[in-house]
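The lines below spell out each chain.
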Amino acid sequence: ALERTLSIIKPDAVAKNVIGEIYSRFEKAGLKVVAAKMKQLSRKEAEGFYAVHRERPFFNALVEFMISGPVMIQALEGENAVLKNRDLMGATDPKKAEAGTIRADFADSIDANAVHGSDAAETAAVEIAYFFSTTELCPR
Ligand code: CMP
């Protein structure tokens, strides 16, 4: 099915200057950027975005990391976009990520892991709406 998913290029990958290389992987996989913005997240925005992880032991480190520098946020559209993007990203822990995935190539640790991607179509809708208003998204 034609889907949309939310992608975030995290502060580590922005600092490494690999936004273009990561966009190129999306494009080669047939994923289209249908909205994008670069942003320095506030603590409140990062905490709200990751609210489902609030009780997890890594929550504070995750929020600190996500506000440590600007991020590049995009909505991606394509056939099976959610799973396609997860395949491109590789495992959350870069040590476990398959060769050739974004995290294997650009991530340093489970915290500084280069990219975020929605885990399901339902969460994708919520995550896209968290960062983009309808007028900021390309019409379907
Ligand atoms: P992300 O896909 O952005 O969703 C939550 C983030 O928490 C995850 O990527 C990791 O960067 C980070 N994180 C840190 N420790 C863990 C862990 N043990 N399990 C899952 N995510 C973790």
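No experiment lies behind these values; they were computed from the predicted model shown.

Draft legend 1. Spatial organisation of the site of the ligand. The environment of the ligand is formed by Lys10, Tyr50, His53, Phe58, Leu62, Thr92, Arg103, Ile110, Asp111, Asn113 and His116. Lysine 10 places a side-chain nitrogen or oxygen 2.7 Å from an oxygen atom of the ligand. Within the backbone of isoleucine 110, a nitrogen or oxygen atom sits 2.6 Å from an oxygen atom of the ligand. Protein chains shield 79% of the accessible area of the ligand, which is 450 Å² for the free molecule. In terms of residue class, the shell around the ligand is made up of four nonpolar, four polar and three charged.

Draft legend 2. Quick peek at the UniProt feature "domain: Nucleoside diphosphate kinase-like" (unreviewed entry) in the protein. When the UniProt feature table is mapped onto this chain numbering, "domain: Nucleoside diphosphate kinase-like" (unreviewed entry) sits at residues 2-139. In this annotation, residues 2-139 is assigned 40% helix and 20% strand; the end-to-end C-alpha distance for the span is 13 Å.

Draft legend 3. View of the packing of aromatic side chains. Tallying each qualifying case throughout the model produces five aromatic pairs. Each ring, one from phenylalanine 49 and one from phenylalanine 131, has its centre 5.2 Å from the other, and the planes form 40 degrees; the classification is tilted. Here the residue phenylalanine 49 occupies a position in helix H3 (residues 43-49), and phenylalanine 131 occupies one in helix H7 (residues 121-131), the gap between them amounting to 82 residues. The pair formed by phenylalanine 49 and phenylalanine 131 is uniform in burial state, with each residue classed as buried. On the numbers, 5.0 Å between centres and 85 degrees between planes, the contact of tyrosine 130 with phenylalanine 131 is edge-to-face. Taking the relative accessible area as the measure of exposure, tyrosine 130 reaches 36% and is therefore partly exposed. Through successive ring pairs, a cluster of aromatic residues spans Phe49, Tyr50, Tyr130 and Phe131.

Draft legend 4. Structural context of the sheet that holds strand E1 (residues 2-9). A sheet is described by the order of its strands in space; here four strands give the open sequence E2-E3-E1-E4, paired in antiparallel fashion. Two strands bound the open sheet, and with one partner strand each, they are strand E2 (32-39) and strand E4 (115-117). Recorded for the sheet is a direction-independent mean angle of 20 degrees between the axes of neighbouring strands. Sheet analysis places E1 next to E4, joined by three bridges and oriented antiparallel. Bridge pairing in E4 places serine 7 opposite glycine 117. Strands E1, E2, strand E3 (71-79) and E4 of the sheet are contacted by H7, whose axis makes an angle of about 55 degrees with E1.

Draft legend 5. A look at the pairing of E3. Taken across its nine residues, E3 has eight buried, putting it largely inside the fold. In this structure, E1 lies alongside E3, joined through eight bridges in antiparallel fashion. Looking at E3, one finds that arginine 4 is bridged to glutamate 77. As judged from the seven bridges shared by E2 and E3, these two strands associate in the antiparallel manner. Along E3, the bridge assignment pairs lysine 32 with glutamate 77.

Conventions we followed
- Residues numbered from 1 in each chain as written.
- Predicted model: local features only at pLDDT ≥ 70, side-chain atom pairs only at ≥ 80, totals over all residues.
- Heavy atoms only, no water.
- Near = heavy atom within 4 Å.
- Polar contact = N/O pair within 3.5 Å; in protein donor to acceptor, adjacent residues only side chain to side chain.
- Areas by Shrake-Rupley, 256 points an atom, 1.4 Å probe, with all protein chains shown as cover.
- Nonpolar A, V, L, I, M, F, W, Y, C, P; charged D, E, K, R; others polar.
- UniProt positions renumbered as here; feature names shortened; annotations may be inferred.
- Helix = DSSP H or I, 4+ residues; strand = E, 2+ residues; numbered from the N terminus.
- Phe/Tyr/Trp six-rings, centres within 6.5 Å; stacked < 30°, edge-to-face > 60°.
- Buried < 20%, exposed > 50% of the residue type's maximum accessible area, 1.4 Å probe, protein only.
- Pairing = 2+ DSSP bridges.
- Axes fitted to C-alpha atoms, helices over the stretch in contact; angles between N-to-C directions.
- Contact = heavy atoms within 4.5 Å.

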